[in-house]
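Residue-level structural notes
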Amino acid sequence: MIEIKNLEAGYNHVPKLRIESVLIEDKAMCLVRGESGSGKTTLLNVLAGLMRPIKGSVNMNGVNLGDLHEAQRDAWRGEHLGYVFQTLHLVKPLTVMENILLGAYAAGKQQDKDWADYVLGQTGLHGIADRKSHEISQGQAQRVAIARAVINKPSIILADEPTSSLDQKSAEQVIDLLLSLAK
Amino acid sequence: MNKTRRVSLCRLVGANIAYKPLSAVFNIALLSVGVAVILTILHVNGLIDNRFSRDLRGIDMVVSGKGSPLQIILANVFHLDIPTGNIPVSEAKKLEKNPLIKSAIPLAYGDNYNGHRIVGTTPDYIAHFEGQLSNGRIYSAPMEVVVGGDVAKKFHLTIGEKIIGAHGLVNSDDMHTDFPYTIVGVLKSNGSILDRLVLTPVESVWHVHEHPDEDDPEEVAYKKAHPEDELTALLITYKSPLAAAQLPRMVNNSSSMQAASPAFEVARLTKLMGTGQDILSVFGYLLLAFSAFSLFIALYNAVQDRQYDIALMRVMGLTKSGIFGLVLSETVLIGLIGSVVGVLLSQLFIRLTAYWIYIQKGLVLSAPIPGIMEIYVMLSILLISLMAGLIPAMIARKTYIIRTLTKL
């Protein structure tokens, strides 16, 4: 569950985003729409605990992120959150499978290779597990990023315009994948 | 089934290094050459000091013809220089009777066998350097010789074989064909000066040089002026420390002989050699300083290149300390590889230097096994590497996640 109350968020103490009240129930899929610069990414950054709100509270599964200090928010993210970025962020020196397992390593969790293999299969990338991340296409890279976001079985997945850098076909595959994983 | 290993700190560090191998290889090469130069200098200094101390052990004073005291030591103890001159046997005998002297070993030489000095002396000389026979016996009559282990090995010499000496201390064509020596003993190599000498009774040397070469006017004139038998030097051991204060002054002031103190002269020699060693050491330390700076630049650039990776790992839950440790681990790994390669390289350098010294000067230096000195140097390199990685690691730790990820 995500509960936002009287939120003001922005940069250098200048509010860019104001939300009075939002409640997103468990198992819900929520789409945030808005013009460019309207604060969609800022909202996701606040929800991910990457930035503190200027005002108000953000309650994620019963935890008020504003009450946590930085290291605690890092740990919380690792435990509860999967994040898919707008642009492709894979670690170049690592293979596809290592990029997925990196999610577990960074969160300090057990690296479950069976689960990683399953997720990789779900994303349709089974045959390229040992390829370096710079050897795959953009569509494949975004699917790897999604697989990495779910490697720790998080309760919340945030995806910031995950199809913006993809062609039509890859975009449809990525959306389908996210929807199937959310179910 | 894929063959991917689990992600670990080692894997991440290794992958980062392998991703840009040239930079890592360059830094490892710089570090290892610096380590090797410093270790080589430290070890070779130690080996030469040890070698000198071993050859000097039990010799308190060397008496020879008037000349440079340092030359007297180099010529008569280490056999690295030409002698300053000879001393009459009568004066030497008189000195030997001095109550402050415990023992005096005579040396008489002027010829060589294929570049190896033929030294006339008593069996006490062999005993002094703890020489042991590998074959045969010690000489008991003139023109019998005992050959050093290295000489015997080099020229495949055996008991009963006849050898001919050449005039002078370096290889020459002026052979004493009328005076062959008979090999009666071969010594075991023991790393001492004995290894590269041919030893015979003093009387052999006198016998060979009894009649000067008529074709050499200088030799004829010398023999005419010095009809008495001569020695090249006396190696003296004091009976009491009191002798050190009295004997050298007495010899220098009241005889045609010159006394030299090995300890003092070797200290002087070490000081002279020290200048060159200091320059080499400075070169080694400069290399290390340069490699630390290069490591710093490489890591600084690597951290700038990897800002996105670092921010990404932070989003995935890796803490600031985790990022800090990751960057420091990389610099420590480079330092560790550099120091290990440096230690191995130093072993090669030391062996090459020892071989070069043996070829040039005939001094046998045995290469040491890596020990405590290597551990200290390796720890220092790790510390230097840590320092070089500290600022890049702090920059990586402070990576501002949102700004970095939205920059792409």
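Cut-offs applied
Residues numbered from 1 in each chain as written. Chains lettered and ligands numbered in written order. Predicted model: local features only at pLDDT ≥ 70, side-chain atom pairs only at ≥ 80, totals over all residues. Heavy atoms only, no water. Helix = DSSP H or I, 4+ residues; strand = E, 2+ residues; numbered from the N terminus. Rg over C-alpha atoms; globule rule 2.2 N^0.38 Å. Buried < 20%, exposed > 50% of the residue type's maximum accessible area, 1.4 Å probe, protein only. Areas by Shrake-Rupley, 256 points an atom, 1.4 Å probe, with all protein chains shown as cover. Lys, Arg positive; Asp, Glu negative; His and termini not counted. Charge placed at Lys NZ, Arg CZ, Asp CG, Glu CD. Contact = heavy atoms within 4.5 Å. Buried area = accessible area lost by both parts, 1.4 Å probe. Salt bridge = Lys/Arg side-chain N within 4 Å of Asp/Glu carboxyl O. Polar contact = N/O pair within 3.5 Å; in protein donor to acceptor, adjacent residues only side chain to side chain. Core = buried A, V, L, I, M, F, W, Y, C linked by side-chain atoms within 4.5 Å. Axes fitted to C-alpha atoms, helices over the stretch in contact; angles between N-to-C directions. Parallel < 35°, antiparallel > 145°, perpendicular 65-115°, else oblique. Left-handed = near helix turned anticlockwise from the far one by under 90°. Patch = residues over 30% accessible without salt bridge, like charges linked within 9 Å, V, L, I, M, F, W, Y side chains within 5 Å. Domains from an automatic or database assignment.

**Remarks on the overall build of chain B**
In terms of helices and strands, chain B carries 14 helices and 13 strands. What you see for chain B is a C-alpha radius of gyration of 31 Å, clearly larger than the 22 Å of a compact globule of 408 residues, by over 25%. Expressed along its principal axes, the backbone C-alpha trace of chain B runs to roughly 100 × 50 × 35 Å. Burial statistics for chain B: of 408 residues in total, 48% are counted as buried. Element-wise, carbon and sulfur atoms account for 64% of the exposed surface of chain B, whose accessible area totals about 19600 Å². Positive and negative side-chain charges in chain B, numbering 35 and 33 respectively, have mean positions lying 22 Å apart.

**Focus: the overall build of chain A**
Along chain A, the regular secondary structure elements total 6 helices and 6 strands. Reading the secondary structure of chain A in the N-to-C direction produces β-β-α-β-β-α-β-α-α-α-β-α. On C-alpha atoms alone, chain A measures out to a radius of gyration of 17 Å, which is about the 16 Å that the 2.2 N^0.38 rule sets for 183 residues. Taking the principal axes of its C-alpha atoms as reference, chain A extends roughly 50 × 35 × 30 Å. The burial tally for chain A puts 48% of its 183 residues in the buried class. Counting only contacts in chain A whose residues sit at least 6 apart along the sequence, the fraction spanning at least 24 positions is 64%. Surface summary for chain A: the accessible area is close to 9000 Å², and the carbon and sulfur share equals 47%.

**With respect to the interface of chain B and chain A**
Taken together, the contact between chain B and chain A spans 30 residues of the former and 35 residues of the latter. A combined buried area of about 3000 Å² lies between chain B and chain A, and 61% of that area is made up of carbon and sulfur atoms. Inspection of the chain B/chain A interface yields 4 salt bridges. Among the ionic pairs, Lys320(B) bridges to Glu70(A), the shortest N-O distance being 3.0 Å. Summed over the shared surface of chain B and chain A, the number is 8 residue pairs in polar contact (both at pLDDT 80 or more). If you list the elements that add at least two residues to the side of chain B that touches chain A, you get α1 (9-19), α11 (307-315) and α14 (401-407) of chain B.

**With respect to the pattern of salt bridges**
When the charged atoms of two side chains with opposite charge come close together, those side chains can pair. Residue and element names in this part refer to chain B. Enumeration over the complete set of coordinates arrives at 14 salt bridges over all chains. Salt-bridge contacts for Glu144 lead to Arg137; the nearest nitrogen and oxygen are separated by 2.8 Å. Taking the relative accessible area as the measure of exposure, Glu144 reaches 14% and is therefore buried. For Arg137, a relative accessible area of 37% puts it in the partly exposed group. For the salt bridge of Glu330 with Arg306, the shortest nitrogen-to-oxygen distance reads 2.9 Å. On the criterion of sequence distance, the pair formed by Glu330 in helix α12 (residues 320-361) and Arg306 in the loop between α10 (262-305) and α11 is long-range, its members being 24 residues apart. The buried category is assigned to Glu330, whose relative accessible area is 5%. For Arg306, a relative accessible area of 16% puts it in the buried group.

**Overview of the nonpolar core**
Ranked by size, the top nonpolar core spans 82 residues in total, and within it Leu47(A) and Tyr83(A) carry the most contacts. If one sorts the elements of this core by residue count, helix α3 (residues 96-106) of chain A sits on top with 7 residues. The residues touching Leu47(A), leaving out its near neighbours within four places in the chain, are Ile2(A), Ile4(A), Val58(A), Met60(A), Leu65(A), Trp76(A) and Leu158(A). Counting 39 residues, the second largest nonpolar core, distinct from the first, contains Phe52(B), Val184(B), Leu187(B) and Val266(B).

**Quick word on the packing of α3(A) against helix α4 (residues 113-122) of chain A**
Residues and elements named next belong to chain A. It is at 10 Å that the axes of α3 and α4 come closest, and there the two elements cross at 120°. The orientation of α3 relative to α4 falls into the category oblique. The hand of the α3/α4 crossing is right-handed. Contact with α3, carried on its side by Val96, Met97, Ile100 and Leu101, involves Lys113, Ala116, Asp117 and Leu120 of α4 and no other residues of that element.

**Points about unusual backbone geometry**
Of all residues except glycine, most have a negative phi; of all peptide bonds, most are trans. Even without a glycine there, the phi angle at Asn61(A) is positive, about 50°. By relative accessible area, which is 32% here, Asn61(A) ends up partly exposed. Positive phi values are uncommon outside glycine, yet His156(B) reaches one of about 50°. As for its position among the elements, His156(B) is in the loop between α6 (149-155) and β7 (162-163). Given a relative accessible area of 64%, His156(B) falls into the exposed group.

**A look at a nonpolar patch on the surface**
Residues and elements named next belong to chain B. Residues Leu333, Leu336, Ile337, Val340, Val341 and Leu344 make up a contiguous nonpolar surface patch of roughly 440 Å² in combined accessible area. Mapped onto the elements, Leu336 comes out in helix α12. Among the residues examined, Leu336 registers a relative accessible area of 36% and is labelled partly exposed.

**Digging into the domain arrangement of chain B**
Residue and element names in this part refer to chain B. Segmenting chain B into domains produces domain 1 (2-52 + 274-407) and domain 2 (61-260). One C-alpha centre belongs to domain 1, the other to domain 2, and the line joining them spans 51 Å. Across the boundary between the two partners, domain 1 contributes 7 residues, which contact 7 residues of domain 2. Considering only the side of domain 1, the residues that lose the most area to domain 2 are Arg51, Phe52 and Lys361, jointly responsible for 54% of the buried surface there. Taken together, the connections running from domain 1 to domain 2 amount to 0 residue pairs in polar contact (both at pLDDT 80 or more). At the level of secondary structure, the elements contributing two or more residues to the side of domain 1 that touches domain 2 comprise α2 (21-56) and α12.

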